[in-house]
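The chain contents come next:
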Amino acid sequence: MTQRNGTEITKAGREDLPVLAETLFASKIGRKYYPTLETLLTLMERSFDDDQFYILYDHTEMAGFIWFQTKGAFHTFTYLHMIYVKKEYRQKGYGKTLLEFLEKAALCPEGKNKLQSKIFLVVGEWNQSAIQFYINEGYITLSTIPGLFRKKIDEHLMMKECFRA
Ligand SMILES: CC(C)(COP(=O)(O)OP(=O)(O)OC[C@H]1O[C@@H](n2cnc3c(N)ncnc32)[C@H](O)[C@@H]1OP(=O)(O)O)[C@@H](O)C(=O)NCCC(=O)NCCS
């Protein structure tokens, strides 16, 4: 799907997963949550049939990616597993572009047109810049879950209601 400014969002193939895993594992968030690159890659490979992976290209370069499950929250709503924009591409609107893409996908799960939907995600309390990013894009914090994935890391459960324009 072609976006503005010469960027394009393309569905990732199974063959793209090693690059996505390497990119994520090279980052602070990747190392915080996944013990090894192999663990992360295995998780992505096991998720591939049920989850959606899309890559945002700036011309031919991968600028970022998004990983979500359309019925991952309460078997009904979209769950955003991960959004990642490479450091050199941040603060240029790519994260926002990926979230807009996610909203369109949430409103059209399995080809159905919905008038409204909800997107859920969790984000670490330590990740204040991502929390601010989500707030800027209309997400609200519903609660904080202590030690959800890692004993010492509390997670913000966030949600956005989205509507067909
Ligand atoms: C969070 C992340 C995806 C944001 O991507 P980005 O491309 O830099 O974001 P954008 O340029 O699209 O910014 C969108 C909005 O969020 C704001 N924003 C982005 N990063 C921000 C930051 N570090 N601090 C405060 N606000 C921020 C922008 O100012 C912008 O606001 P506006 O629409 O009012 O102008 C990116 O920083 C990233 O990949 N971080 C590492 C991975 C991560 O933490 N992912 C979240 C996992 S839960």
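Residues numbered from 1 in each chain as written. Predicted model: local features only at pLDDT ≥ 70, side-chain atom pairs only at ≥ 80, totals over all residues. Heavy atoms only, no water.

Peer 1: I would appreciate a short explanation of the side chain of threonine 78 in the present structure.
Peer 2: Summarising the element assignment, threonine 78 is placed in strand E4 (residues 77–85). Excluding anything up to four places from it in sequence, threonine 78 contacts Phe68, Gln69, Thr70, Ala73, Leu102, Ala106, Lys118, Ile119 and Phe120. (Helix = DSSP H or I, 4+ residues; strand = E, 2+ residues; numbered from the N terminus. Contact = heavy atoms within 4.5 Å.)

Peer 1: Is there a simple way to think about the pattern of salt bridges in this case?
Peer 2: When charged atoms on two side chains of opposite charge get close, those side chains can pair. One pass over the full model with this rule turns up six salt bridges. For the salt bridge of lysine 160 with glutamate 103, the shortest nitrogen-to-oxygen distance reads 2.6 Å. Taken together, the positions of lysine 160 in strand E7 (residues 153–163) and glutamate 103 in helix H4 (residues 94–106) put the pair 57 residues apart, joining distant regions of the chain. The salt bridge partner of lysine 112 is glutamate 110, with a shortest N-O separation of 4.0 Å. Shared partners join several salt bridges into a network, and the residues in it are Lys71, Glu110 and Lys112. (Salt bridge = Lys/Arg side-chain N within 4 Å of Asp/Glu carboxyl O.)

Peer 1: Any chance you could explain the pairing of strand E5 (residues 116–124) here in plain terms?
Peer 2: One face of the sheet, then the other: side chains in a regular strand alternate in exactly this way. Of all nine residues making up E5, seven are buried, and the element is well covered by its neighbours. Inspection of the sheet shows E4 paired to E5 by three bridges, in the parallel sense. Counterpart to tyrosine 79 in the pairing with E5 is phenylalanine 120. Assessed by its sense of winding, the connection that carries the chain from E4 through H4 to E5 is right-handed. Examined bridge by bridge, E5 and E7 share nine bridges and lie antiparallel to one another. Across the sheet, the residue bridging to serine 117 is cysteine 162, located in E7. (Buried < 20%, exposed > 50% of the residue type's maximum accessible area, 1.4 Å probe, protein only. Pairing = 2+ DSSP bridges. Right-handed = clockwise from strand over helix to strand, strands pointing away.)

Peer 1: Would you mind going over the sheet that holds E7 with me for this structure?
Peer 2: For sheets, the rule is that strands pair by backbone hydrogen bonds, running either parallel or antiparallel. With respect to topology, seven strands assemble into an open sheet ordered E1-E2-E3-E4-E5-E7-E6, the strand pairing being mixed. Looking at strand neighbours, the two that pair on one side only are strand E1 (7–11) and strand E6 (140–150), the edges of this open sheet. Neighbour-to-neighbour, the strand axes of the sheet open up by a mean angle of 30°, direction not taken into account. Where helix H1 (residues 17–25) meets the sheet, it contacts strand E2 (52–58), strand E3 (61–73) and E4, and its direction lies at approximately 100° from that of E3. The strands touched by helix H3 (residues 37–47) are E2 and E3; relative to E3, the strand with the most contacts, the crossing angle is about 55°. (Axes fitted to C-alpha atoms, helices over the stretch in contact; angles between N-to-C directions.)

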